[in-house]
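# An overview of the molecular structure
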Number of protein chains: 2
Amino acid sequence: MSTRARNTPLSLVAQPGIRVLTYGTFDLFHIGHLRLLERLRALGDHLTVAVSTDEFNARKGKQAFIPFRDRLDIVSSLRCVDAVIAEHDWAQKREDIRRLGIDVFGMGDDWVGKFDELSDIARVVYLERTPDISSSAIKQSLRAHAPDGAVATSLPTPLARAS
Amino acid sequence: MSTRARNTPLSLVAQPGIRVLTYGTFDLFHIGHLRLLERLRALGDHLTVAVSTDEFNARKGKQAFIPFRDRLDIVSSLRCVDAVIAEHDWAQKREDIRRLGIDVFGMGDDWVGKFDELSDIARVVYLERTPDISSSAIKQSLRAHAPDGAVATSLPTPLARAS
């Protein structure tokens, strides 16, 4: 064993690295969600995703189509996601950032400017969303089409985009 | 270093283990897909998922709502999935099993008995599906509900199940 090797102990604890945090409902999980989460993960070494509970959505006047537990389990099954937590309240973000040692707070660019107030404790970034796809677009497009589920490929539907 | 340690070389090549293969469209990715894939992966050490192309679905008279490329990318982003391939044709299964060195061919139990002919070259299993959820059920339920996407939780809709 060389002197160099003896003097270079293996680290048994992972280096802390850059920790990223985001929030969302992730209803009807789609490629736009995945692309955003993968790009957020690429900003650091660890990605925590906070998934809105059904109760919190109800307080916001929203209702996800897929129950919270299923949305949480799908997000946590992704290779690019290191941890998941529940989002119960608007006010928890600042506490989450401190508690989880977050370096980067990232959201889709539909939220530009909305979380700048957190920039005193984290780097706040807004990433471009995948064009023409969202949970709402999927719901609207499904409702607009024939009962057999067919989507006419010649129609300019949200999901007939190039991919 | 003990004699035992010297005589026990570290394997630098992963043991081959049990390789599992399944097929599907995975339209509107949902918790039933995830549960099935996780349970298939648990049958072995490596899971390959064959995702039906849009052209193949068209030949079957089906049309997925989500384009092939997006369905493929979502499935391949899962921690429980080790590899993805495209499904182009009914006849490819036997060749895939041989080419990929598959030990277990697994499908949901909506296919019971349909692939028993492959049992001469692989163990064929049919796993119970998650009750009350499917891509078709999601589409039907979305179409049946109000334009704002709300699902009345008191209704016996496919997605109002316990989770």
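Here is what the cut-offs are and how they apply
Chains are numbered independently. Their residues run from 1 in the order of the written sequence. Throughout, the order in which chains and ligands are written sets their labels, letters from A for the former and numbers from 1 for the latter. Totals for whole chains, interfaces and linings use every residue, but because this is a predicted model, local features are given only for residues with pLDDT of at least 70 and side-chain atom pairs only at 80 or more, for both listing and counting. In computing side-chain properties, one takes all heavy atoms of the structure into account and sets aside hydrogens as well as water. Strands pair, by our definition, only if DSSP identifies at least two bridges between them. Strands are runs of DSSP state E lasting at least two residues, helices are runs of H or I lasting at least four, and both sets are numbered from the N terminus onward. Inter-axis angles, ranging from 0 to 180 degrees, are taken between N-to-C directions of lines fitted to C-alpha atoms, where helices are fitted over the stretch in contact. Here, residues are in contact when the closest pair of their heavy atoms is within 4.5 Å. Side-chain rings of Phe, Tyr and Trp, where Trp is taken by its six-membered ring, are said to pair if the distance between their centres is within 6.5 Å; with planes under 30 degrees apart they count as stacked, over 60 as edge-to-face, and otherwise as tilted. Partly exposed residues are those whose accessible area sits between 20% and 50% of the maximum for their type, while under 20% is buried and over 50% is exposed, using a 1.4 Å probe and protein chains only. Take the buried residues of types Ala, Val, Leu, Ile, Met, Phe, Trp, Tyr and Cys, join any two whose side-chain atoms come within 4.5 Å, and each joined set is a nonpolar core. Salt bridges, as used here, are contacts in which a Lys or Arg side-chain nitrogen is within 4 Å of a carboxyl oxygen on Asp or Glu. Roughly parallel here means an angle under 35 degrees, roughly antiparallel means over 145, roughly perpendicular means 65 to 115, and every remaining angle is called oblique. Note on residue categories: nonpolar means Ala, Val, Leu, Ile, Met, Phe, Trp, Tyr, Cys or Pro, charged means Asp, Glu, Lys or Arg, and polar means any other residue, Gly included. Should the near helix be turned anticlockwise from the far one by less than a right angle, the crossing is left-handed, and should it be turned clockwise, the crossing is right-handed. Note that domain bounds follow an automatic or database assignment of domains. A quick way to say it: buried area is the sum, across both parts, of accessible area lost when two parts are put together, with a 1.4 Å probe. Between N or O atoms, a polar contact is any pair within 3.5 Å; within protein, one atom must be a potential hydrogen donor and the other a potential acceptor, and residues adjacent in sequence are included only when both atoms are from side chains.

## Some remarks on the sheet that holds strand β4 (residues 104-108) of chain B
All names here are of chain B. In space, the five strands of this open sheet follow the order β3-β2-β1-β4-β5, with parallel pairing throughout. Two strands bound the open sheet, and with one partner strand each, they are β3 (83-87) and β5 (123-127). Looking at each pair of strands side by side, their axes are set apart by 25° on average, direction ignored. Looking at chain direction, strand β1 (residues 19-24) and strand β2 (residues 46-52) are connected through six bridges and run parallel. The residue of β2 that forms the bridge with Tyr23 is Ala50. Sheet strands in contact with helix α2 (residues 31-41) are β1, β2, β4 and β5, and its direction is about 140° off that of β2. Of the strands in this sheet, β1, β3 and β4 are in contact with helix α5 (residues 92-99), which crosses β3 at around 155°.

## Considerations on the packing of aromatic side chains
Residues and elements named next belong to chain B. Evaluation of the coordinates by the stated rule reveals eight aromatic pairs over all chains. On the basis of an interplanar angle of 40° and a centroid distance of 5.7 Å, the ring pair of Tyr23 and Phe105 is categorised as tilted. Separated by 82 residues along the polypeptide, Tyr23 in strand β1 and Phe105 in strand β4 bring together distant segments of the chain. Side by side, Tyr23 and Phe105 carry an identical accessibility label, which is buried.

## What about the nonpolar core?
Counting residues in each nonpolar core, the largest one holds 44 residues, and the members touching the most others are Leu37 of chain A together with Leu37 of chain B. At the level of elements, α2 (31-41), β2 (46-52), α4 (68-76) and β5 (123-127) of chain A together with α2, β2, α4 (68-76) and β5 of chain B are the ones that each hand at least two residues to this core. Look past the residues within four positions of Leu37 of chain B in its chain and what remains in contact with it is Thr22, Phe26, Phe29, Leu47, Val49, Val75, Leu78, Cys80 and Val81 of chain B.

## What about the pattern of salt bridges?
Residue and element names in this part refer to chain A. Counted under the stated rule, the structure contains 22 salt bridges over all chains. The shortest N-O distance in the salt bridge between Glu38 and Arg35 comes to 3.2 Å. In this pair, Glu38 and Arg35 both sit in helix α2, three residues apart, roughly one turn of the helix. The salt bridge involving Asp82 is made with Arg41; its shortest N-O contact spans 2.7 Å. Here Arg41 lies in helix α2 and Asp82 lies in the loop between α4 and β3 (83-87), a separation of 41 residues in the sequence. A residue is classified by how much of its surface remains accessible, and Asp82, at 36% relative accessible area, is partly exposed. In this structure Arg41 comes out as partly exposed when scored by relative accessible area, which is 23%.

## A look at unusual backbone geometry
Trans peptide bonds make up most of the peptide bonds, and negative phi angles are found at most residues other than glycine. Unlike most non-glycine residues, Phe26 of chain A shows phi in positive territory, near 55°. For Phe26 of chain A, the position within the fold is in the loop between β1 (19-24) and α2. In this structure, Asp132 of chain B takes a positive phi of about 65° despite not being glycine.

## Let's talk about the packing of helix α6 (residues 135-144) of chain A against helix α6 (residues 135-144) of chain B
Geometrically, a packed helix pair is captured by the angle between its two axes and the distance between the axes. The contact between α6 of chain A and α6 of chain B brings their axes to 9 Å, and the two run at 80°. Between α6 of chain A and α6 of chain B, the crossing angle belongs to the class labelled roughly perpendicular. Residues Lys139, Leu142 and Arg143 of chain A of α6 of chain A touch α6 of chain B, and the partners they reach there are Lys139, Leu142 and Arg143 of chain B. Across the contact of α6 of chain A with α6 of chain B, the residue classes tally to two nonpolar, no polar and four charged.

## Section: the packing of α4 of chain A against α2 of chain B
It is the contact of α4 of chain A with α2 of chain B, at a shortest axis distance of 10 Å, that shows an interaxial angle of 50°. Classed by the angle they form, the pair α4 of chain A and α2 of chain B counts as oblique. When you trace α4 of chain A past α2 of chain B, the crossing you get is left-handed. On the side of α4 of chain A, the interface is formed by Asp70, Asp73 and Ile74 of chain A, while α2 of chain B contributes Ile31, Leu34 and Arg35 of chain B. Residues belonging to the contact of α4 of chain A with α2 of chain B are distributed by class as follows: three nonpolar, no polar and three charged.

## Concerning the domain arrangement of chain A
Residue and element names in this part refer to chain A. You can read the domains of chain A as domain 1 (15-130) and domain 2 (133-163). At the boundary of domain 1 with domain 2, total buried surface from both sides reaches about 630 Å², with 58% on carbon and sulfur atoms. Contact with domain 2 buries area across many residues of domain 1, yet Leu28, His30 and Thr130 alone supply 58% of it, more than any other trio. When the shortest N-O distance is used, the salt bridge between Asp27 and Lys139 registers 2.9 Å. Linking domain 1 to domain 2 there are three residue pairs in polar contact (both at pLDDT 80 or more). Class assignment of the residues belonging to the side of domain 1 that touches domain 2 gives a composition of three nonpolar, five polar and two charged.

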